[in-house]
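Fold and geometry: a report
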Amino acid sequence: MSDIQLSVFDLFKIGPGPSSSHTIGPMKAGYDFIKTVRMLPVETLSKASGLMVHLFGSLSATGKGHGTDRAVLAGLLGHAPESCLPEFLDELAAEPLAQRPMDLGAHSLMINANNVVFDAIEHNFPFNNTMIIRLTGPDAKEAPLFEREYASVGGGFIQIKGKPEKPRGAPAYPYGTMEELKKQLAESDLSLHRLILENEMAVTGAAETEIVAGLDTILQVMDTAVSAGLSVEGVLPGSIGLARKAKQILKRSQGRRYPQETIISQLCAFAFAASEENAAGHIIVTAPTCGSAGIIPAMARIMRTRLALSEQSIREGLLAAAAVGFLAKHNATIAGAEGGCQAEIGVASAMAAAMLAHATGYGVHVTENAAETALEHHLGMTCDPVAGYVQIPCIERNAMSVVKAFTAFVIATDELPGQHKVGLDQAIAAMMATGQDMNCKYKETALGGLAVSVPNC
Ligand code: SF4
């Protein structure tokens, strides 16, 4: 088994919703393309007179509902996901056919939504979410001046055909599975969060202070998304006309009859809030994807407000959550387009369960069991977003799954040693096998499930 060389910031990325594979990935691809093209020789650039973006697979099937066209255009217009203002994306959505200048250095090319083609859903590219961007000269029949094939492989990650990723450092404590991670923990006598931090420094070369500051920014943006979602009402963008509910759920949580109902309804309100911000195309943190961006922020808010945990404990919990996300990404997938919703919401729930267990002081076995239980009870969950929007079932699903994460934590902390029979590695392997067997109708194409049975949105 190969070693994990992922960074915590590969999983937790700041950017606009509503779908990491359909907005952050394509925006990154557009941004990479324009940066690369600007370095072409002047004589080549002077011939540039056309640009086309071809979206394939799930990007074509549900890209309109997810705003893939405006995301890739925003990237081509020079906006990176971390710094793009939601207002600019709202402008692109409001006036998709307005011509905007794509800056090539010596001159600009005017582009709009007509430069983006929703191409074949079925194809033979190695990755479902593939896009090809071409810069062409005056004769469209001639070979393009420059072309790149990108794959948006989930969680906002992109792969570029023929361009291997930059080498990273070797992890200080290598592991590829949960079993290997537990062995490293036992041999090193490190806590889980410390081991992940040591590996982060070794893999990325960043200093500890830099990583801690980055984690604090991630937690802050997550909390801002929860607060933003709780402060507004109204209807989310798109043809469904779905009302925002977070504020109302929080308000009603005050009058609950039983105390345990209050914590459940607050968890739901917080998860709705961040998920509704994602659906609105506003800034969120992938955790590990946009579609699942409500679960960990909701857990973090409840840890802060109801469990009175310190920021240090929450940060350490976030590192434990990252360990679970790493294992899922390394050994299976975190993309709905590859593995269905079990890979997005299921993994996020497992990460949140691990976060809570670790932050409240439990050891690695309880942390693993909490994560495993949460993931196990999402196995087989399909991705079937109604009308292609990350709204139904996605928003409620975040609320359901943060509650599931809390339940998984309760079950894991009540188990006696040796009672737990399924390992996290086994649950991840089952998720991978289930995802491979899943019909492509249930993998972010909006061609099956609720997307078909709720057709009139
Ligand atoms: S159904 Fe799940 S995987 Fe699919 S878009 Fe919604 S949250 Fe993402």
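Please refer to the structure higher up on the page.
Residues numbered from 1 in each chain as written. Predicted model: local features only at pLDDT ≥ 70, side-chain atom pairs only at ≥ 80, totals over all residues. Heavy atoms only, no water.

Quick word on the nonpolar core
- One finds Phe12, Ile196, Met222, Ile296, Met299, Leu318 and Phe326 to be the most contacted residues of the largest nonpolar core, which totals 107 residues.
- The dominant element in this core, judged by the number of residues it contributes, is helix H15 (residues 341-359), at 14 residues.
- Apart from the residues within four sequence positions on either side, Met299 is in contact with Leu267, Ala352, Leu356, Val402, Ala405 and Phe406.
- Counting 35 residues, the second-largest nonpolar core is a separate cluster that includes Ala48, Ala71, Ala74 and Leu135. (Core = buried A, V, L, I, M, F, W, Y, C linked by side-chain atoms within 4.5 Å. Buried < 20%, exposed > 50% of the residue type's maximum accessible area, 1.4 Å probe, protein only. Helix = DSSP H or I, 4+ residues; strand = E, 2+ residues; numbered from the N terminus. Contact = heavy atoms within 4.5 Å.)

A word on the side chain of Ser19
- Assignment of secondary structure puts Ser19 in the loop between strand S1 (14-16) and helix H2 (20-37).
- Classification of Ser19 as buried rests on a relative accessible area of 4%.
- At 3.4 Å, the side chain of Ser19 forms a polar contact with the side chain of Glu444.
- Not counting the four nearest positions on each side in its chain, Ser19 is found in contact with Ile24, His66, Asn278, Cys290, Val390 and Glu444. (Polar contact = N/O pair within 3.5 Å; in protein donor to acceptor, adjacent residues only side chain to side chain.)

What to know about the sheet that holds strand S7 (residues 146-154)
- Taken together, the 5 strands give an open sheet; going across it, the order is S5-S2-S6-S7-S8, and neighbouring strands pair in mixed fashion. Whereas interior strands pair on both sides, the edge strands pair on one side only; in this sheet they are strand S5 (116-118) and strand S8 (157-160). Along the sheet, successive strands turn relative to each other by an average axial angle of 25°, direction set aside.
- Bridge analysis of strand S2 (residues 50-55) against strand S6 (residues 130-136) gives 6 bridges, and the strand direction is antiparallel. Residue Met52 lies in a different strand from S6, and its bridge partner there is Arg134.
- The sheet strands contacting H2 are S2, S6, S7 and S8, and the helix crosses S7 at an angle near 155°. (Pairing = 2+ DSSP bridges. Axes fitted to C-alpha atoms, helices over the stretch in contact; angles between N-to-C directions.)

Regarding the site of the ligand
- With respect to spatial proximity, the complete set of residues near the ligand consists of Gly291, Cys341, Glu344, Ile345, Cys383, Asp384, Cys394 and Arg397.
- If you map the ligand onto the pockets, it falls in the largest cavity.
- Taken together, the elements giving at least two residues each to the shell around the ligand come down to H15 and helix H17 (394-414).
- Per-element accounting of the shell around the ligand gives the leading share, 3 residues, to H15.
- By residue class, the composition of the shell around the ligand is 4 nonpolar, 1 polar and 3 charged. (Near = heavy atom within 4 Å. 1 Å grid on protein atoms, 1.4 Å probe; cavity = no way out; pocket = protein on both sides within 12 Å on 5 of 7 lines; lining within 4 Å. Sits in = over half its atoms within 2 Å of the grid points. Nonpolar A, V, L, I, M, F, W, Y, C, P; charged D, E, K, R; others polar.)

Describing the pattern of salt bridges
- Inspection of the entire model under this criterion finds 15 salt bridges.
- Linking Arg148 and Asp32 is a salt bridge whose minimum nitrogen-to-oxygen distance equals 2.9 Å. A residue pair is termed long-range when its members are at least 10 positions apart, and Arg148 in strand S7 and Asp32 in helix H2 qualify at 116 residues.
- Look at Arg148 and you get buried, because its relative accessible area is 14%. (Salt bridge = Lys/Arg side-chain N within 4 Å of Asp/Glu carboxyl O.)

Some remarks on helix H11 (residues 259-279)
- The terminal C-alpha atoms of H11, which comprises 21 residues, lie 30 Å apart, in line with the 30 Å expected from a rise of 1.5 Å per residue.
- Gly281 sits one or two positions beyond H11 and adopts a positive phi of about 80°. (Expected span 1.5 Å × (residues − 1).)

Considering the environment of Met27
- Here Met27 lies in helix H2.
- A residue is classified by how much of its surface remains accessible, and Met27, at 0% relative accessible area, is buried.
- On a C-alpha basis, the gap between Met27 and Leu318 in space is 26 Å, while along the polypeptide they are 291 residues apart.
- Contact partners of Met27, with chain neighbours within four places excluded, come to Pro16, Ala71, Val72, Ala74, Gly75, His79, Ala80, Pro81, Cys84 and Leu89.

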